[in-house]
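Architecture and fold: a report
One letter stands for each residue in the lines below.
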Amino acid sequence: MASAEQVQIPDGFRLHTENTSHILLSANEAFLNPVQEFNRDLSIACIRTWSDDLNKVKEEKWKVALEKRLARKRLKSMPYNFVLLEALSATGLRSIRYAKEIPLLRYVIANDLSDAATATMKRNIDLNGLGPTDAPSSDPMNENLGKVRVNEGDACTLMYNHRDNSKRVDVVDLDPYGTAAPFVDAAVQCVNDGGLLCVTCTDLAVLATTNFPEKCFANYGGVSVKAEYAHEAVKRQALRLALHSLSTSAARYGRYIEPLLSLSIDFYVRVFVRVHSGALETKKALTKAANYYICSHCQSWYEQPLGRTVEKVHQKSGQVNHLFKTQAGPTVSEKCPECESTLHIAGPMWSGPLHDSAFVDRVLEHLQHNADHYGTAVRMKGMLTVAKEEISTPFYFTPSKLASAFHCCSPSLNNLASALLHAGHKVSRSHACPGSLKTTAPQKDIHDVMRGWIQKNPVKMENISEGSPARKLLAKESHLQVNFKQHPDSITPSSEIKLVRYQQNPTSNWGPGTKAISGSGNKRKRNDEGADN
Ligand SMILES: C[S@@+](CC[C@H](N)C(=O)[O-])C[C@H]1O[C@@H](n2cnc3c(N)ncnc32)[C@H](O)[C@@H]1O
Ligand SMILES: [Zn+2]
């Protein structure tokens, strides 16, 4: 393929280059958000890691088969080349990058409803040398159809056409405007067992606020909750609501999801889940759904699982049977046990783990050896390192919001983390919000730490009205001996190095786009990487 300098740019077009790939864009013909380079980079790293994992599994299976058939025939191991379906492709940039940057990819089906988008795609695919070739038509694998194969049509129709076992694809990528909800039912059916589903949702106004509970319920089958930590914890609810909708949609077809990586990034969420079939694990989806009662003042949260499983071991055979039961509730009193404020309900949402830390480790390892392949490698490393360290409790908090509930000055992250660690709890940072903490500590212990902090940094009681929630929090007796001395475990790899996790100084293309971009020139200042800590 020609280098950027060699590409002939027709009148009325401009050249946009991202990593290995060039695309020609004209005003108002297809949508491209350059800020999503991070999303594309991350997706390539995750799909590469997933495909290497899958290839190893296939190789192991081949070895076993070989051992069995050794006497009869010598077989040759072939790498497993997979097929990816990008349901909403726009300019085709993502599909083109996948085709060029993921070694084990056999071909991509790049689809869009818009004829303008598919025309753009075809032009860009040719520009990158990935289109159909004149290879002999007897080619059994139809490789002459090209490495990126364009389809013009509705994403759901295309995916439903691939739901038959023999027609399934290995990876489905959904990267829509707004919600992915209308595409989920088709997507969960057309991925092979062990295949990967990559989903973006940019409708955080629905997923991460309480402005549209009816819309959130319609799209995701659950509701978010108003919390003072609105764009913090609620972002995490967005992830959990999105995963819940994938899990329940998959369960309808005897399938279940295994989240590999779930990130809340800037103005969107992006999740990577493996999809499997299996009766027992599908039933267990019930035990990975919960409602949460969340205090409107102090943000204490109380989990209400929807169901549970009881294991019964058969005396004679030793076989374990799983019985599924409803769950007793409510798990908390009507008012917040900490400050007596109103509790709001959120959910149902996914209560299982958000990431597979071994997978995240492998993506990090891949990144370590291939950092120069990714324009946003620094930020990827930051996000992935924090995600890897995250403990799996549902929500998180920031010291400043916690302090505001007590009307006191804010302890540092380190103060809080150390005190919780000394009290025997685990803590971690969260990838979704600068300066946030997750902990296994119950809310009363977190509040005891705050009361210990206030003993050293008294609040002005005359400024706090009688009977207010803050008064109630302050009046509670502490049961913890609070120790703020620096705990060695409060320094983690992610807090030690200056990691770039959060987008700062956004460019003019910041945010979820709704229309094609116009203008000229493809030079974009890479100011999308801001350091935390
Ligand atoms: C956000 S853009 C995709 C961006 C692209 N994935 C990327 O990384 O640059 C969404 C695209 O979905 C297309 N679209 C919307 N509804 C669709 C449908 N029902 N079927 C197929 N394509 C659709 C739009 O035409 C638009 O080009
Ligand atoms: Zn409360």
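In the block above lies the structure referred to throughout.
Let me begin by describing the structure that accompanies this report. (Residues numbered from 1 in each chain as written. Chains lettered and ligands numbered in written order. Predicted model: local features only at pLDDT ≥ 70, side-chain atom pairs only at ≥ 80, totals over all residues. Heavy atoms only, no water.)

1. Remarks on the overall build of the chain
- What the chain contains, in helices and strands, is 16 helices and 18 strands.
- Looking at the chain as a whole, 55% of its 533 residues qualify as buried.
- Sequence-distant contacts, at least 24 apart, represent 71% of the contacts inside the chain between residues at least 6 apart.
- Surface exposure of the chain reaches about 23900 Å², of which carbon and sulfur atoms provide 51%. (Helix = DSSP H or I, 4+ residues; strand = E, 2+ residues; numbered from the N terminus. Buried < 20%, exposed > 50% of the residue type's maximum accessible area, 1.4 Å probe, protein only. Contact = heavy atoms within 4.5 Å. Areas by Shrake-Rupley, 256 points an atom, 1.4 Å probe, with all protein chains shown as cover.)

2. Quick look at the coordination of the zinc ion (ligand 2)
- Taken together, the protein donors to the zinc ion (ligand 2) comprise Cys295 (SG), Cys298 (SG), Cys336 (SG) and Cys339 (SG), at separations of 2.2 to 2.4 Å.
- Geometry at the zinc ion (ligand 2) is tetrahedral, judged from its four donor atoms and the angles of 97 to 119 degrees they form at the metal.
- The class of Cys295 is buried, set by a relative accessible area of 0%. (Donors = N, O, S within 2.8 Å, 3.2 Å for Na, K, Ca; no water. Tetrahedral: all angles 85-135°; square planar, octahedral: opposite > 155°, others 65-115°.)

3. Digging into the environment of Ala238
- In this fold, Ala238 is placed in helix H8 (residues 233–251).
- The exposure class assigned to Ala238 is buried, which follows from its relative accessible area of 0%.
- Between the C-alpha atom of Ala238 and that of Leu263, which follows or precedes it by 25 residues, the distance is 9.9 Å.
- Ala238 has contacts with Leu204, Leu207, Ala208 and Val269, leaving out every residue within four places of it along the chain.

4. Description of the side chain of Ser430
- Position of Ser430 relative to the elements: it lies in the loop between strand E15 (427–429) and strand E16 (437–439).
- From its side chain, Ser430 meets the backbone nitrogen of Ala432 in a polar contact 3.2 Å long. (Polar contact = N/O pair within 3.5 Å; in protein donor to acceptor, adjacent residues only side chain to side chain.)

5. Structural notes on the packing of helix H1 (residues 37–69) against helix H2 (residues 93–101)
- At a closest axis distance of 10 Å, the pairing of H1 and H2 adopts a crossing angle of 35 degrees. As for the relative orientation of H1 and H2, their crossing is right-handed in sense. Contacts between H1 and H2 involve Glu37, Asn39, Arg40, Asp41, Ser43, Ile44, Ile47 and Arg48 from the former and Leu93, Arg94, Arg97, Tyr98 and Glu101 from the latter.
- Of the residues that constitute the contact of H1 with H2, the class distribution is four nonpolar, two polar and seven charged. (Axes fitted to C-alpha atoms, helices over the stretch in contact; angles between N-to-C directions. Left-handed = near helix turned anticlockwise from the far one by under 90°. Nonpolar A, V, L, I, M, F, W, Y, C, P; charged D, E, K, R; others polar.)

6. Quick notes on unusual backbone geometry
- In the segment running from Gly329 into Pro330, the intervening peptide bond is cis, with an omega of -5 degrees.
- Tracing the backbone shows Pro330 in the loop between strand E13 (320–326) and strand E14 (343–350).
- For the bond from Gly347 to Pro348, the omega torsion is 0 degrees, close enough to zero to count as cis.
- Mapping Pro348 onto the fold places it in strand E14.
- Although it is not a glycine, Gln299 adopts a positive phi angle of roughly 65 degrees.

7. Some details on helix H3 (residues 115–127)
- In this model, H3 (13 residues) spans 18 Å end to end at C-alpha, consistent with the 18 Å of a helix rising 1.5 Å per residue.
- Buried positions along H3 lie against strand E2 (21–25), H2, strand E4 (105–112) and strand E5 (148–152).
- Capping the start of H3, Ser114 holds a side-chain oxygen 3.3 Å from the backbone nitrogen of Ala116, two or three residues further along.
- Note on H3: the residue one or two positions beyond its end, Gly129, has a positive phi of about 70 degrees. (Expected span 1.5 Å × (residues − 1).)

8. Observations concerning the packing of aromatic side chains
- For the structure shown, the criterion picks out six aromatic pairs.
- With 5.0 Å between their ring centres and 70 degrees between their planes, Tyr292 and Phe395 make a pair best called edge-to-face. You can see Tyr292 sitting in strand E10 (residues 289–295) and its partner Phe395 sitting in the loop between helix H11 (377–389) and helix H12 (399–406), a full 103 residues away along the chain. In this pair, the class of Tyr292 matches that of Phe395, namely buried.
- Connected via pairs of aromatic rings, a cluster forms that spans Tyr292, Trp301 and Phe395.
- Directly above the aromatic system of Tyr107 lies the positively charged group of Arg149, at a separation of 3.5 Å from the ring centroid.
- The positively charged end of Lys215 is found above the aromatic ring belonging to Phe212, 5.7 Å away from the centroid. (Phe/Tyr/Trp six-rings, centres within 6.5 Å; stacked < 30°, edge-to-face > 60°. Lys NZ or Arg CZ within 6 Å of the ring centre and 35° of its normal.)

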